[in-house]
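Structural features, examined
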Amino acid sequence: MPLEAADDFEAHRSRLVRLAYRMLGSRAAAEDVVQDAWLRWSQVDKAMVRETGAFLSRIVTRLCLDEMKSARARREHYVGSWLPEPMLEPEEPEVDADELTMTLMLALERLSPLERAAFLLHEVFGQPLNEIATTLGRDPTSVRQLASRARKHVQEARPRYPVDRAEGNRLAQAFFVAAHNGDMTTLETLLAESVVIQSDGGGKVFAFINPIEGRERVLRLYEGMFRKYGAGWTEMVEPVWIDGLPGFISREHGSLLQTTALHIENGEILGIYIMRNPDKLTSVRTRVSEN
């Protein structure tokens with residue numbers, strides 16, 4: 001392959017990985033899809049391609065739609081809650097970063113594959129409807145309807161008052177310290193009455209099979225863990241932002257790595273998303289080992 005064609009692909013790689021991740025909820029699967037797209041790109045007559053970015057997005061979207069068929073079948077047998085693989089963000093937000101938080105990623109899971117593709121391509125990646133229609137093999141009118149239905153559904157999950165970075169960091173630190181020290185009085189002030197915990201162990205490590213809902217149940221959970229294990233049951237590794245939400249990497253019992261992301265609105269924690277599945281923590285382990 002000519003060097004110029006390889007450079008063209010590399011110029012779009014980051015965006016393609018982001019698109020595939022938003023479609024699939026898995027960084028590993030996204031990387032595989034983009035690698036497959038690279039192999040297909042290497043066999044394309046470049047003279048027939050009018051716009052490289054649109055062409056590559058089309059390849060990746062179609063590969064993702066194929067992957068989603070088997071992924072949905074696998075999730076029917078998934079043990080416990082399924083959460084998207086945590087995408088750790090740099091300290092400074094990326095210039096081309098989108099506004100999809102983990103909360104919105106979970107809302108996307110309730111869309112059909114075509115609705116999800118239409119929403120992401122149009123609302124997040126800014127593609128015109130006629131391009132999306134070509135990608136999905138649908139007419140522009142039906143694509144507009146797909147995107148509209150998806151937008152209405154996702155809008156319900158979009159935070160009304162997004163937390164700023166300083167406030168998010170403060171509340172995440174306060175949450176960890178209160179839980180670590182068994183300070184239920186402080187923890188109670190941080191949690192919304194309707195707070196929900198979801199944890200993903202993938203059947204590989206212990207995690208809650210069903211979401212834990214309500215402030216009182218969540219407080220009893222953390223109080224019970226502190227009574228059983230004491231202050232040394234968990235340690236902070238690093239504060240991080242995970243898919244637009246403040247949180248942290250921690251170790252439980254000195255060895256079990258996990259991430260916690262917090263959905264915060266109006267100064268209260270509405271959602272606690274805990275990733276414990278080791279298969280989804282590869283990039284986290286790499287980050288921790290490098291620091």
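Our subject is the structure listed above.
Figured I'd write up the structure that's included with this text. None of the values given here were measured: they were computed from a predicted structure.

1. Remarks on the pattern of salt bridges
Two side chains with opposite charge may pair up if their charged atoms get near one another. If you walk through the whole model with that rule in mind, you get 14 salt bridges. Among the ionic pairs, Arg22 bridges to Asp243, the shortest N-O distance being 2.8 Å. Within this pair, whereas Arg22 is found in helix 1 (residues 3–24), its partner Asp243 is found in the loop between strand 3 (234–242) and strand 4 (245–252), the two being separated by 221 residues in sequence. For the pair Arg22 and Asp243, a shared accessibility class is recorded, and that class is buried. A salt bridge links Asp36 to Arg40; the nearest nitrogen and oxygen atoms lie 3.6 Å apart. You can see Asp36 and its partner Arg40 sitting in helix 2 (residues 27–41), four residues apart, about one turn around the helix. On the accessibility criterion, Arg40 (43% relative accessible area) is partly exposed.

2. Remarks on the side chain of Glu85
Along the chain, the position of Glu85 falls in the loop between helix 3 (52–75) and helix 4 (102–108). One buried charged residue, Glu85, remains without a salt bridge, the closest side chain of opposite sign being Arg27 at 6.5 Å. Among the polar contacts made by the side chain of Glu85, one reaches the side chain of Ser26 at a distance of 3.4 Å. The contact partners of Glu85, leaving out residues within four places of it in the chain, are Tyr21, Gly25, Ser26, Arg27, Ala28, Asp243, Lys280 and Ser283.

3. Describing helix 6 (residues 129–136)
Note on helix geometry: an α-helix contains 3.6 residues per turn, so any two residues three or four positions apart are oriented the same way. Within the sequence span of helix 6, burial applies to Leu129, Ile132, Ala133, Thr135 and Leu136. Seen along its axis, helix 6 keeps its buried residues to an arc of 160 degrees; they face one direction.

4. Quick notes on the pairing of strand 6 (residues 268–275)
The buried fraction of strand 6 is high, at six of eight residues. In terms of strand pairing, strand 1 (residues 191–200) meets strand 6 through six bridges, oriented parallel. Paired with Asp200 across the bridge in strand 6 is Met275. Bridge analysis of strand 5 (residues 256–265) against strand 6 gives seven bridges, and the strand direction is antiparallel. Bridge pairing links Leu262 to Ile272 in strand 6. Turn length for the strand 5-strand 6 hairpin, with the two strands adjacent in sequence and antiparallel, is two residues, and the turn residue Asn266 shows positive phi of about 55 degrees.

5. Here we look at the nonpolar core
Judged by nonpolar contacts, the single largest core of 45 residues is most densely connected at Met23, Val60, Leu108 and Leu136. Elements with a minimum of two residues in this core: helix 1, helix 2, helix 3, helix 4, helix 5 (113–124), helix 6 and helix 7 (140–157). If one sorts the elements of this core by residue count, helix 1 sits on top with eight residues. Those residues within four positions of Leu136 in sequence are excluded, and the remaining contacts are Thr61, Leu65, Leu114, Ala117, Ala118, Val143 and Leu146. Membership of the second largest hydrophobic core comes to 26 residues, among which are Phe176, Leu190, Trp233 and Leu262.

6. Concerning the packing of aromatic side chains
Applying the stated criterion across every chain yields a total of seven aromatic pairs. Here the aromatic rings of Phe206 and Phe208 are separated by 5.9 Å at their centres, their planes lie at 85 degrees, and the arrangement is edge-to-face. Take Phe206: its relative accessible area is 60%, and that puts it in the exposed class. For Phe208, a relative accessible area of 17% gives the class buried. In textbook terms, an aromatic cluster arises when at least three aromatic residues are bridged by ring pairs, as seen for Phe175, Phe176, Tyr222, Trp233 and Phe248. A cation sits over an aromatic face here: Arg165 above Trp241, 4.5 Å from the ring centre.

Conventions used here
- Along each chain, numbering runs from 1 in the same order as the chain's sequence is written.
- Selection of residues for local features in this predicted model requires a pLDDT of at least 70, selection of side-chain atom pairs for listing and counting requires 80 or more, and totals for whole chains, interfaces and linings are taken over all residues.
- No hydrogens and no water enter the side-chain calculation; it runs on all heavy atoms of the structure.
- Basic side-chain nitrogens of Lys or Arg form a salt bridge, by our definition, when they fall within 4 Å of a carboxyl oxygen of Asp or Glu.
- Where helices and strands are cited, they refer to DSSP runs of H or I of at least four residues and of E of at least two residues respectively, numbered from the N terminus.
- Buried means the residue's accessible area, taken with a 1.4 Å probe over protein chains only, is under 20% of the maximum for its type, while exposed means over 50%, and partly exposed covers the values in between.
- Two residue types count as positive, namely Lys and Arg, and two as negative, namely Asp and Glu; His and chain ends fall outside the count.
- By the criterion applied in these results, polar contacts are pairs of N or O atoms within 3.5 Å in which, for protein atoms, one can donate a hydrogen and the other can accept it, and in which residues neighboring in sequence qualify only through two side-chain atoms.
- The contact criterion used throughout is that any non-hydrogen atoms of two residues lie within 4.5 Å.
- As used here, the arc belongs to the directions running from the helix axis to the C-beta atoms.
- Following DSSP output, two strands are said to pair if at least two bridges run between them.
- Definition of nonpolar core: a set of buried residues of the types Ala, Val, Leu, Ile, Met, Phe, Trp, Tyr and Cys, connected through side-chain atoms within 4.5 Å.
- Aromatic pairing here means that ring centres of Phe, Tyr or Trp (its six-membered ring) are within 6.5 Å. Orientation follows from the plane angle: under 30 degrees is stacked, over 60 is edge-to-face, and everything else is tilted.
- Counting as a charge over the ring demands two things of the Lys NZ or Arg CZ atom: a distance within 6 Å of the ring centre and an angle within 35 degrees of the ring normal.

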